[in-house]
Every structure is written in structure tokens, then in C-alpha cells.
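Listed below, chain by chain, are the residues.
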Amino acid sequence: MNIFRLTGDLSHLAAIVILLLKIWKTRSCAGISGKSQLLFALVFTTRYLDLFTSFISLYNTSMKVIYLACSYATVYLIYLKFKATYDGNHDTFRVEFLVVPVGGLSFLVNHDFSPLEILWTFSIYLESVAILPQLFMVSKTGEAETITSHYLFALGVYRTLYLFNWIWRYHFEGFFDLIAIVAGLVQTVLYCDFFYLYITKVLKGKKLSLPA
């Protein structure tokens, strides 16, 4: 069993559940970037287009359905259910600066020039930078609620564990996916400053703040 992939998936799922519970219990999406959540919904949509055409395992299919359902539920809560609490004035990152270059790159660098493969590659590239609007929002507001910090930390742990997953797969399965590895490295690097602040501040009971 690949323990790194399993714990990585569970960490990813934990991050999503933490965010959903935070919004539902507080009846507020304050401090949450709707743009990042829209990007994550786009990531899962373009990645799991094979949901009804390719069956790998019950676990694999179940996780795909859960990720899709949770991502759209989060978008619904932010933009419809609790729209009045959404802080759009601070969620101002220009997502087109992410989507357009990533779309172009997915056409140029992929494993196979076919629609599903290009969209899968697009999802991998986009996921690596989808958290930027959230980090930008935290930087702009100056701080993040503790529960939001836990969400970001769980996402960072997921990405870090997936790097070890690629090492495991290369060592035991001879499998090597350069696109996924490079994208994962980029995403993990984006979390480095956050990890440091989380450990030195949040775990000591202080509020997290990111430099502008």
C-alpha cells in the first residue's frame, strides 16, 4: 500500500471538510477566497471528465465524486447561500493571469495531444497555482482566522505527501510523471512561507498574517 498517497488524499479531504464546516458553522465565508474555490472546482471538473468512461477502483471513483461534490458545494455556499458574507473587496486576484498561461502551457507541454489529456494536464498545472488568490487575500487583509489557517496547512500537507507519493511510485512501480512532479513542486514551494508562519504562530495560539 502506498501510504503517502492514502494519507495525502485524507489530508486533502480533511482540508475540504474543514473549509465546509467552517463556512457552515459560522454561517459566513469571510476570509475565504471564492476565486480560489472556483479554480479548484475547475481543476476537479477538467481532471475527472473520465469519471463515467474509466473505472480504476471504487476508492478512486468515490474520491473523484467527493472532490467534485465538495468543491461545487463550497462554491455554492460562497456565491449563493452566504453571499452577503463574502469579502469580494479583498478577493481581487486576477485569475485570468493564471488560467490563460496555464491553458496555453497545457497545449504546449502534455503527454498526448488529445482533448482529455490536455484538460487533465490543464488541471495539474492549474492546481499548482489555484491557491494564489487565497494567499493573496490573506496578505491583503493582513491575517487569517485560525480555522482558515488549518485549511491551508492541510492543503500544504497534502501536496507535500504527494511529492513522497511520486518518489514511492518511482521506486516501487517504476512510474515517473514529470508534469505532475514539477507542478507539485511549484505548489509546495508556494506553501513554504505559510508553513513557517503556521508553525511559529498558529501552533502557539497566535493569529497568522502574511507579509504584503
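So, how was this worked out
Residues numbered from 1 in each chain as written. Predicted model: local features only at pLDDT ≥ 70, side-chain atom pairs only at ≥ 80, totals over all residues. Heavy atoms only, no water. Salt bridge = Lys/Arg side-chain N within 4 Å of Asp/Glu carboxyl O. Buried < 20%, exposed > 50% of the residue type's maximum accessible area, 1.4 Å probe, protein only. Helix = DSSP H or I, 4+ residues; strand = E, 2+ residues; numbered from the N terminus. UniProt positions renumbered as here; feature names shortened; annotations may be inferred. Contact = heavy atoms within 4.5 Å. Expected span 1.5 Å × (residues − 1). Polar contact = N/O pair within 3.5 Å; in protein donor to acceptor, adjacent residues only side chain to side chain. Phe/Tyr/Trp six-rings, centres within 6.5 Å; stacked < 30°, edge-to-face > 60°. Lys NZ or Arg CZ within 6 Å of the ring centre and 35° of its normal. Axes fitted to C-alpha atoms, helices over the stretch in contact; angles between N-to-C directions. Parallel < 35°, antiparallel > 145°, perpendicular 65-115°, else oblique. Left-handed = near helix turned anticlockwise from the far one by under 90°. Disulfide = S-S within 2.5 Å.

**Q** Just give me the short version of the pattern of salt bridges, but keep the residues and values in it.
**A** Counted under the stated rule, the structure contains five salt bridges. Across the pair Glu-96 and Arg-94 runs a salt bridge whose closest N-O atoms are separated by 2.4 Å. The exposure class assigned to Glu-96 is partly exposed, which follows from its relative accessible area of 33%. For Arg-94, a relative accessible area of 46% gives the class partly exposed. The closest approach of N and O atoms between Arg-159 and Glu-127, which form a salt bridge, is 3.7 Å. Residue Arg-159 is found in helix α7 (residues 146–173), and its partner Glu-127 is found in helix α5 (residues 115–129); the two are separated by 32 residues along the sequence.

**Q** Tell me about the UniProt feature "transmembrane region" (unreviewed entry) in the chain, and name the residues and values.
**A** Here, the residues flagged by UniProt with the feature "transmembrane region" (unreviewed entry) are residues 65–82, 119–138, 150–168 and 174–199. Annotated as residues 65–82, this span is 94% helix and 0% strand, and its ends, taken at the C-alpha atoms, are 24 Å apart.

**Q** So what's going on with the environment of Thr-141? Residues and values would help.
**A** Mapped onto the elements, Thr-141 comes out in helix α6 (residues 132–141). For Thr-141, a relative accessible area of 36% puts it in the partly exposed group. Between the C-alpha atom of Thr-141 and that of Asp-91, which follows or precedes it by 50 residues, the distance is 9.5 Å. Beyond its immediate sequence surroundings of up to four residues, Thr-141 is in contact with Asp-87 and His-90.

**Q** Quick rundown of the environment of Leu-10? Include the residues and the values.
**A** Along the chain, Leu-10 turns up in helix α1 (residues 3–26). Classification of Leu-10 by relative accessible area gives partly exposed; the value is 46%. Each C-alpha atom, one on Leu-10 and one on His-150, is 14 Å from the other, the two residues being 140 residues apart in sequence.

**Q** How would you sum up α7? Please name residues and give values.
**A** The first and last C-alpha atoms of α7 sit 39 Å apart over 28 residues, in line with the 40 Å expected at 1.5 Å per residue. Just past α7, the residue Gly-174 takes up positive phi, approximately 70 degrees.

**Q** Tell me what's going on with the side chain of Ser-128, and back it up with residues and numbers.
**A** Relative to the assigned elements, Ser-128 resides in helix α5. Within the local environment of Ser-128, its side chain forms a polar contact with the backbone oxygen of Tyr-125, the two atoms lying 2.5 Å apart. Ignoring any residue separated from it by four or fewer positions in sequence, one finds Ser-128 in contact with Ala-183, Val-186, Gln-187 and Leu-190.

**Q** Go over the packing of aromatic side chains, please, and point to the residues and values.
**A** Scanning the entire structure with this criterion turns up 13 aromatic pairs. Here Tyr-158 and Tyr-162 contribute two aromatic rings whose centre-to-centre distance is 5.3 Å and whose plane-to-plane angle is 65 degrees, an arrangement assigned as edge-to-face. Taken together, the residues span about one helical turn, with Tyr-158 and Tyr-162 both in helix α7 at a distance of four residues. Residue Tyr-158 is classed as buried on the basis of its relative accessible area of 4%. The rings of Phe-4, Phe-164, Trp-168 and Phe-172 are connected pair by pair, giving a single aromatic cluster. The ring of Tyr-158 carries the charged tip of Arg-159 above its face, separated from the ring centre by 4.8 Å.

**Q** Can you explain the packing of α5 against helix α8 (residues 178–200)? Please cite residues and give values.
**A** Where α5 meets α8, the closest approach of the two axes is 7 Å, and the angle between their N-to-C directions is 15 degrees. Our classification of the angle between α5 and α8 gives roughly parallel. Considering only the axes of α5 and α8, their crossing is left-handed. Residues Thr-121, Ile-124, Tyr-125, Glu-127, Ser-128 and Val-129 of α5 form the contact with α8, whose participating residues are Ile-179, Ala-180, Ala-183, Val-186, Gln-187 and Leu-190.

**Q** Describe the state of the cysteines, and please don't skip the residues or the numbers.
**A** Note on terminology: a disulfide is the covalent bond linking the sulfur atoms of two cysteines. By the definition in use, this model includes zero disulfides. The thiol of Cys-29 is not disulfide-bonded; the next cysteine sulfur, from Cys-70, is found 17 Å away. On the accessibility criterion, Cys-29 (0% relative accessible area) is buried.

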